[in-house]
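Geometric and topological summary
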Amino acid sequence: MKIFKVIALLCTIMASVVNAETLKFPKAGFSIDALDSPPNQLGVTPLQMFLPPVSGFAANISVQIQPYGGTLDAYLTLTKAQFTQVGWMVLSEAQNEDELVLEYEGDFQGLSLRWYARAVKAEGLVYLITATDTQASFEQNKDVLMETVNSFALN
């Protein structure tokens, strides 16, 4: 009986390793299994990635999953209202049936920042993929940040 339990445990471990998605970072020289969980009513930020810091700020990309039952038009209206409240300015916007793309800038915690974001709506959720950089460094990092944000795809 004890051997059966050990074999079952080993099979479970092997199955979880085989099924784990691996994130690969060849330029940084490592890979790591993804820490994956389903979104809940509070939302979740399953991924954050950073470039090396420049002048005390690291350009970054985050993926947030937000529960949202409204339309994408309503999401855009809410987002713009929030931007107005904090004094941020929308530089460009594009929208189709299930996706919104925004570029905007403003001050946050004493820094002049610029953002590029995609909001992808699917089944009561919004996947918000956002690149953030300082206004001074955005043009230098723009291509890699935008390419990474644009590489997001739903399964």
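Everything here concerns the structure above.
Read on for a plain summary of the structure. (Residues numbered from 1 in each chain as written. Predicted model: local features only at pLDDT ≥ 70, side-chain atom pairs only at ≥ 80, totals over all residues. Heavy atoms only, no water.)

1. Some remarks on the side chain of threonine 132
- Locating threonine 132 in the fold gives a position in strand 8 (residues 125-134).
- On the accessibility criterion, threonine 132 (10% relative accessible area) is buried.
- A distance of 3.2 Å separates the side chain of threonine 132 from the side chain of tryptophan 115, its partner in a polar contact.
- If near-sequence neighbours (up to four positions away) are discounted, threonine 132 is found in contact with Phe57, Ala59, Asn60, Leu113, Arg114 and Trp115. (Helix = DSSP H or I, 4+ residues; strand = E, 2+ residues; numbered from the N terminus. Buried < 20%, exposed > 50% of the residue type's maximum accessible area, 1.4 Å probe, protein only. Polar contact = N/O pair within 3.5 Å; in protein donor to acceptor, adjacent residues only side chain to side chain. Contact = heavy atoms within 4.5 Å.)

2. Description of the packing of aromatic side chains
- Overall, the coordinates contain 9 aromatic pairs when judged by the stated rule.
- Taking 5.8 Å as the distance between ring centres and 40 degrees as the angle between the ring planes, the aromatic pair formed by tyrosine 127 and phenylalanine 152 counts as tilted. Taken as a pair, tyrosine 127 in strand 8 and phenylalanine 152 in the segment after helix 3 (135-150) lie far apart in primary sequence, 25 residues in all.
- Ring-pair connections join several aromatic residues into one group, and the members of that group are Phe83, Trp88, Tyr104, Phe108 and Trp115. (Phe/Tyr/Trp six-rings, centres within 6.5 Å; stacked < 30°, edge-to-face > 60°.)

3. Some words on helix 3
- Along helix 3, the largest kink reaches about 75 degrees and is centred on asparagine 141.
- For helix 3, the complete set of buried residues consists of Ser137, Phe138, Asn141, Leu145, Met146 and Val149.
- Elements that come into contact with the buried residues of helix 3 comprise strand 4 (60-67), strand 6 (99-108), strand 7 (111-122) and strand 8. (Bend = angle between axes of the 7 residues up to and from the residue.)

4. Details of the pattern of salt bridges
- One pass over the structure, following the stated rule, counts 4 salt bridges.
- With its nearest N and O atoms 3.5 Å apart, the salt bridge here joins arginine 114 to glutamate 139. Highlighted residues: arginine 114 in strand 7 and glutamate 139 in helix 3, separated in sequence by 25 residues.
- Arginine 114 sits in the buried class, given a relative accessible area of 15%.
- Among the charged side chains, a salt-bridge network with shared partners connects Glu103, Arg114 and Glu139. (Salt bridge = Lys/Arg side-chain N within 4 Å of Asp/Glu carboxyl O.)

5. Some words on the layout of surface pockets
- The calculated volume of the largest pocket comes to roughly 1600 Å³.
- Together, 40 residues line the largest pocket, and Leu23, Leu47, Met49, Val63 and Phe152 are the ones closest to its centre.
- If you list the elements that add at least two residues to the lining of the largest pocket, you get strand 1 (22-25), strand 3 (44-50), strand 4, strand 8 and helix 3.
- Partitioned by chemical class, the residues of the lining of the largest pocket number 28 nonpolar, 6 polar and 6 charged.
- Along the walls of the second largest pocket sit 27 residues, with Gln64, Trp88, Tyr104, Leu128 and Thr130 positioned nearest its centre.
- Listing elements by their share of the lining of the second largest pocket, those giving two or more residues are strand 4, helix 2 (72-86), strand 6, strand 7 and strand 8.
- Partitioning the lining of the second largest pocket into residue classes produces 17 nonpolar, 9 polar and 1 charged. (1 Å grid on protein atoms, 1.4 Å probe; cavity = no way out; pocket = protein on both sides within 12 Å on 5 of 7 lines; lining within 4 Å. Points joined across faces, edges and corners; volume = space filled by probe spheres on them. Nonpolar A, V, L, I, M, F, W, Y, C, P; charged D, E, K, R; others polar.)

6. A few points about the nonpolar core
- Counting residues in each nonpolar core, the largest one holds 17 residues, and the members touching the most others are Ile61, Tyr116, Tyr127, Ile129, Ala131, Val149 and Phe152.
- Where this core is concerned, the elements lending two or more residues are strand 4, strand 7, strand 8 and helix 3.
- The residues touching phenylalanine 152, leaving out its near neighbours within four places in the chain, are Val63, Arg118, Val120, Tyr127 and Ile129.
- Ranked by size, the runner-up nonpolar core spans 16 residues in total, among them Phe57, Tyr68, Leu100 and Leu128. (Core = buried A, V, L, I, M, F, W, Y, C linked by side-chain atoms within 4.5 Å.)

7. Re the side chain of serine 62
- Assignment of secondary structure puts serine 62 in strand 4.
- Using a relative accessible area of 10% as the deciding quantity, one classes serine 62 as buried.
- Ignoring anything within four residues of it in the chain, the contact list for serine 62 reads Thr45, Leu47, Gln48, Leu128, Ile129 and Thr130.

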